[in-house]
Amino acid sequence: MHLDPEHVHSHAHECEHSCDGCATPCEHTPMEELTALMKYMVGHNTAHAKELADLAVQLDQAGDHSAYEQVMAAVSDFEKGNMRLSVVLAALEAK
């Protein structure tokens, strides 16, 4: 894993469909916008949990098993929170 100090987060989201054929600029309801943002955040959080787990492995390989355990505990907490967000997302998408 390569840690990039220039890593920048973009918290914008993309439309889930092509708006090329729309006669007017693409407009979504507030709930559609919130659902799209929630979907983005769940995916974003999943990617960060993996990055943290990779970092933990590197710490363990570098000889700091205590740090590994702490980071993996944090990853577990992170994943639990993201599971809660996933439940909300599933409910939003079912509406």
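Residues numbered from 1 in each chain as written. Predicted model: local features only at pLDDT ≥ 70, side-chain atom pairs only at ≥ 80, totals over all residues. Heavy atoms only, no water.

### Things to note about the nonpolar core
Core analysis: the biggest nonpolar cluster contains five residues, these being Ala49, Ala53, Ala56, Val71 and Val75. Of all the secondary-structure elements, those providing two or more residues to this core are α1 (30–61) and α2 (65–94). For this core, the element with the highest residue contribution is α1, accounting for three residues. Here Val75 is in contact with Ala49, Leu52 and Ala53, once residues within four sequence places are set aside. (Core = buried A, V, L, I, M, F, W, Y, C linked by side-chain atoms within 4.5 Å. Buried < 20%, exposed > 50% of the residue type's maximum accessible area, 1.4 Å probe, protein only. Helix = DSSP H or I, 4+ residues; strand = E, 2+ residues; numbered from the N terminus. Contact = heavy atoms within 4.5 Å.)

### Let's talk about the environment of Leu52
Here Leu52 shows up in helix α1. Not counting residues up to four positions away in its chain, the partners in contact with Leu52 are Val71 and Val75.

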